[in-house]
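# Summary of structural features
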Amino acid sequence: DAGVIQSPRHEVTEMGQEVTLRCKPISGHNSLFWYRQTMMRGLELLIYFNNNVPIDDSGMPEDRFSAKMPNASFSTLKIQPSEPRDSAVYFCASSPGTGVGANVLTFGAGSRLTVL
Amino acid sequence: SQQGEEDPQALSIQEGENATMNCSYKTSINNLQWYRQNSGRGLVHLILIRSNEREKHSGRLRVTLDTSKKSSSLLITASRAADTASYFCATDASGGYNKLIFGAGTRLAVHP
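One structure accompanies this document, and this report is about it. (Residues numbered from 1 in each chain as written. Chains lettered and ligands numbered in written order. Predicted model: local features only at pLDDT ≥ 70, side-chain atom pairs only at ≥ 80, totals over all residues. Heavy atoms only, no water.)

## A few points about the nonpolar core
- Within the largest apolar cluster, 21 residues are counted, with the highest numbers of intra-cluster contacts made by A:W34, A:L77 and A:Y90.
- Contributions of two or more residues to this core are made by strand 3 (19–24), strand 4 (31–38), strand 5 (42–50), strand 7 (65–71), strand 8 (74–79), strand 9 (88–95) and strand 11 (111–115) of chain A.
- The residues touching A:L77, leaving out its near neighbours within four places in the chain, are A:V19, A:T20, A:L21, A:W34, A:L46, A:M60, A:S66, A:A67 and A:Y90.
- Formed by 20 residues, the second largest nonpolar core is a distinct cluster that contains B:I13, B:A19, B:A85 and B:Y87. (Core = buried A, V, L, I, M, F, W, Y, C linked by side-chain atoms within 4.5 Å. Buried < 20%, exposed > 50% of the residue type's maximum accessible area, 1.4 Å probe, protein only. Helix = DSSP H or I, 4+ residues; strand = E, 2+ residues; numbered from the N terminus. Contact = heavy atoms within 4.5 Å.)

Written as structure tokens, this is what we have:
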């Protein structure tokens, strides 16, 4: 397996623009997580899915953020409209969800977002 | 809010020395995990310790868990320059969900 794949790796956009981050989890993993990492706030859990269903989105900062998981192999995190304070590295991670190592996360390489 | 808090925030040592990082958490857990993050990369899982375990080893890593004090430590023995990275503890919630909450991390610098 190629691991968790995220795109784009880097995104520079202007305030007010829509940003879409994409993630392909490891095949067979039932849980998918979106985290945001900044120097000030560390690694924050934004939302996670179990079997494509959003379980907990309490970490989503505001209505400008939305996430979807239309099938087991794809998820998106969308920010509309984007603001400079959204600048961060966004990580997608997946885990088996059941069995041994159910909540051991495999992270993608991250998407570094800069909003000007 | 963060569940785990690591200390120290930063640690600088020489190659060959041991590095110890500590993590404290607030609520009951099923397990506690440690991850490493190299600069500009995603986090990588190192080791998992269950709530009914007190100590676990993996290569040069030794993890302890004290559930009465809600704390864990990660010891890296005979450190190498390649161990330079940030180290994070992560805890789940014993309510049965799989989500992990990460601490702020310890930045480890190992000098040749």
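## Re the pattern of salt bridges
- Here the structure, examined in full by the defined rule, presents 11 salt bridges over all chains.
- The salt bridge involving A:E44 is made with A:R36; its shortest N-O contact spans 3.2 Å.
- B:K99 serves as the salt-bridge partner of A:D56, at 2.5 Å between the closest nitrogen and oxygen. Pair noted here: A:D56 is in strand 6 (residues 53–56) and B:K99 is in the loop between strand 9 (85–91) and strand 10 (101–102), and the two residues belong to different chains. (Salt bridge = Lys/Arg side-chain N within 4 Å of Asp/Glu carboxyl O.)

## Overview of the interface of chain A and chain B
- Contacts between the two partners involve 22 residues from chain A, matched on the other side by 19 residues from chain B.
- Summing both sides of the interface, chain A and chain B together bury roughly 1600 Å²; the carbon and sulfur share of this comes to 51%.
- On the chain A side of the contact with chain B, A:L43, A:N103 and A:F107 bury the most area, a combined 33% of that side's loss.
- Across the contact surface, chain A and chain B share one salt bridge.
- Applying the counting rule to chain A against chain B returns seven residue pairs in polar contact (both at pLDDT 80 or more).
- Counting only elements with at least two residues in the side of chain A that touches chain B, the list comes to strand 4, strand 5 and strand 6 of chain A.
- Looking at the side of chain A that touches chain B element by element, the count peaks at five residues for strand 5 of chain A.
- When its residues are assigned to classes, the side of chain A that touches chain B shows 12 nonpolar, seven polar and three charged. (Buried area = accessible area lost by both parts, 1.4 Å probe. Polar contact = N/O pair within 3.5 Å; in protein donor to acceptor, adjacent residues only side chain to side chain. Nonpolar A, V, L, I, M, F, W, Y, C, P; charged D, E, K, R; others polar.)

What is shown is where atoms sit, not what they do.
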